[in-house]
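These are the residues of each chain, in order.
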Amino acid sequence: MTQAESTATAALPELAAPRPWWRDAVVYQVYVRSFADANGDGVGDLAGVRANLPYLALLGIDALWFNPWYPSPMADTGYDIADYRAIDPAFGTLEEAEQLIAEARALGMRTIVDIVPNHVSNEHPWFRDALASAPGSPERARFWFREGRGENGELPPNDWQSIFGGSAWTRTEDGGEWYLHLFAPEQPDLNWEHEEVWTEHEDVLRFWFDRGAAGVRIDSAALLVKDASLAEPGDGDHPFEDRDELHDIYRRWRAIANGYTEPRVLVGEIWLPDPVRLARYLRQDELHTAFNFDFLACPWDAQRMRTSIQSALDVHEPVDAPSTWVLSNHDVTRPVTRYGREDTSFAFKAKRENTPTDLARGRRRARAAALLAMALPGSMYVYQGEELGLPEVEDIPPDRKQDPMWRRSGGVDPGRDGCRTPMPWTGEQPPFGFSPDGAARSWLDQPADWAPLTVAAQQGDPGSMLSLYREGLRLRRSVPWSGDAITWLPTDDDVLAFARGDRFVCLVNFGPEPVVVPDGAEVLIASNDLEGGALQQDTTVWLRLTDHDRNWATDRSRKEGR
Ligand code: GLC
């Protein structure tokens, strides 16, 4: 650069780049099967979503993430995809999906589609071809086919366990080779050492980006690459989790996403215990964001929450990626039920059914958790029904359960059907407006006592969960939060308080001692009514500090006369 050029550059006024939408977006997860059934077959569909777009717009969200809507035999309710470029007939057509994407966008909501790169359906043409081809054929090379151990190959090639329970290997029906499936046998794993697997997925990304999708949610994003030696998990690198080669895949995806005038967004589903490892996927040339499952799984406890929040912020800061705040999704126990238990921690593979829960307490905590999540810097996910405070349905009879996790674990794992029950919209009895009158029985039954939880019952009630979500999300958009940093304020151990900028404070009381709102603070919203100006247990408030120079003083410091 010459002297003249550098002077010219320096003289330009500093134009701040507009903040990318995804950095603090609120993303609503639509589980299409259970959202709204327009054609009366008992299964939700795209027409049902389109009819209810105004409901979503009113909720105040920025984007919709759709669970897989592609043609699928539904062995894992759509996470077994037979065709990545079409829509399952039970949900609608590709044309309807395109219309939906455009209509949502016209209402201010972007669309994120779910991409499943780790495995395909056993009815995907590639896998059918593989089964029809001989061992060692190019068709089989796209998957992980191996000979079995034992004299006649009657034992699986190694002892890897499926995440859904049982061996991760299934032998072909002719008693020949075995193939790998980290999930159900109907979900054979792809071999990401194969160039065609790369190019095919890159093409699928372009297919949806070209149709207006603003981004993709990447299923099982840390599992794609396997150690070809099939080593057992040990002290070194895990043979199929979080392997370094994954980063090359996502760098190529990022380049594709960046190639659009409005760059597309990559969101990773990455369950890793180490947040430092998670953040490696969020380096500037890789994914944009990843679900923060540590926050989701964190017990309802002030200090544990504080540690989880701070560690998320700490690991995201160096890679300049926003954290996400997630309380629920289609794989985990609903927060109202989880937080009502004695032990409020959560583990994906240790779900507990019919552990005593106090739903009133759980609801109160879920409300407080929602306002906490909304106040944090970064983007937030809301799973359909969370805004209605739906509890987990824990009494689904065995013959009505659908989830392969339940079957494959021999009934040990309750499965995930309990958080996938159809949305209640209106009326006094099932299907609560989910399906039109005279429709077929819904694919999962709703509890008969959900009338008070319907959208219609909640929307006129200022004390409802729905009103809390609407008002909280409205305020979140209007509060001028400054920056991505939070400042923790001194409090009792059972209380969390943090400021964003010098005017806004979020205060959460986890403990039994009431906490008095400090002088000079205006309450913007509270998850439960304050009593005598104090927050009772399990309550969150957002405060605006009206006196600029005041020092933060909690109830305790006041009580102690400081
Ligand atoms: C992800 C999905 C889950 C699915 C699994 C296999 O974890 O969220 O629902 O069963 O991947 O695709």
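To keep things clear, this report deals only with the structure shown in the data block. (Residues numbered from 1 in each chain as written. Predicted model: local features only at pLDDT ≥ 70, side-chain atom pairs only at ≥ 80, totals over all residues. Heavy atoms only, no water.)

### Some remarks on helix α10 (residues 302-316)
Logical step 1: Between its first and last C-alpha, α10 extends 21 Å over 15 residues, near the 21 Å set by a 1.5 Å rise per residue.
Logical step 2: Among the residues making up α10, those that are buried are A302, M305, S308, I309, A312, L313, V315 and H316.
Logical step 3: Turning to α10, the residues buried within the fold contact α8 (275-279), α9 (293-297), β10 (324-326), α12 (359-375), β12 (487-488) and β13 (495-500). (Helix = DSSP H or I, 4+ residues; strand = E, 2+ residues; numbered from the N terminus. Expected span 1.5 Å × (residues − 1). Buried < 20%, exposed > 50% of the residue type's maximum accessible area, 1.4 Å probe, protein only. Contact = heavy atoms within 4.5 Å.)

### Examining the site of the ligand
Logical step 1: Around the ligand, 14 residues are found, and the nearest of them are D76, D219, E269, H330 and D331.
Logical step 2: In this structure, R217 approaches the ligand through a side-chain N or O atom, which is 3.0 Å from an oxygen atom.
Logical step 3: Here an oxygen atom of the ligand and a side-chain polar atom of E269 are 2.8 Å apart. (Near = heavy atom within 4 Å. Polar contact = N/O pair within 3.5 Å; in protein donor to acceptor, adjacent residues only side chain to side chain.)

### As for the pairing of strand β11 (residues 379-383)
Logical step 1: Burial runs high along β11: five of the five residues are buried.
Logical step 2: Residues S379, Y381 and Y383 of β11 are buried on one face, and the alternating residues M380 and V382, pointing to the opposite face, are buried as well.
Logical step 3: Where strand β1 (residues 26-30) meets β11, four bridges bridge the pair, whose relative direction is parallel. Of the residues in β11, the one forming a bridge with V26 is M380. (Pairing = 2+ DSSP bridges.)

### Details of the packing of aromatic side chains
Logical step 1: Under the definition given, this model contains 31 aromatic pairs.
Logical step 2: Ring geometry for W271 against F348: centres 5.3 Å apart, planes inclined by 40°, an arrangement best described as tilted. Placement of the pair is W271 in the loop between β8 (265-268) and α8 and F348 in the loop between α11 (335-338) and α12, with a sequence separation of 77 residues.
Logical step 3: Each member of the aromatic cluster is reached from another via a ring pair, and the members are W65, W271, F291, F293, F348 and Y381.
Logical step 4: The ring of W443 carries the charged tip of R33 above its face, separated from the ring centre by 4.6 Å.
Logical step 5: One Lys or Arg, R338, reaches over the ring of F346 and ends 5.8 Å from the middle of that ring. (Phe/Tyr/Trp six-rings, centres within 6.5 Å; stacked < 30°, edge-to-face > 60°. Lys NZ or Arg CZ within 6 Å of the ring centre and 35° of its normal.)

### Thoughts on unusual backbone geometry
Logical step 1: Between P430 and P431 the backbone carries a cis peptide bond, its omega angle lying at 5°.
Logical step 2: Inspection of the secondary structure puts P431 in the loop between α13 (404-408) and α14 (455-459).
Logical step 3: For N354, which is not a glycine, the phi torsion comes out positive at approximately 60°.
Logical step 4: Relative to the elements of secondary structure, N354 occurs in the loop between α11 and α12.
Logical step 5: With a relative accessible area of 55%, N354 lands in the exposed category.

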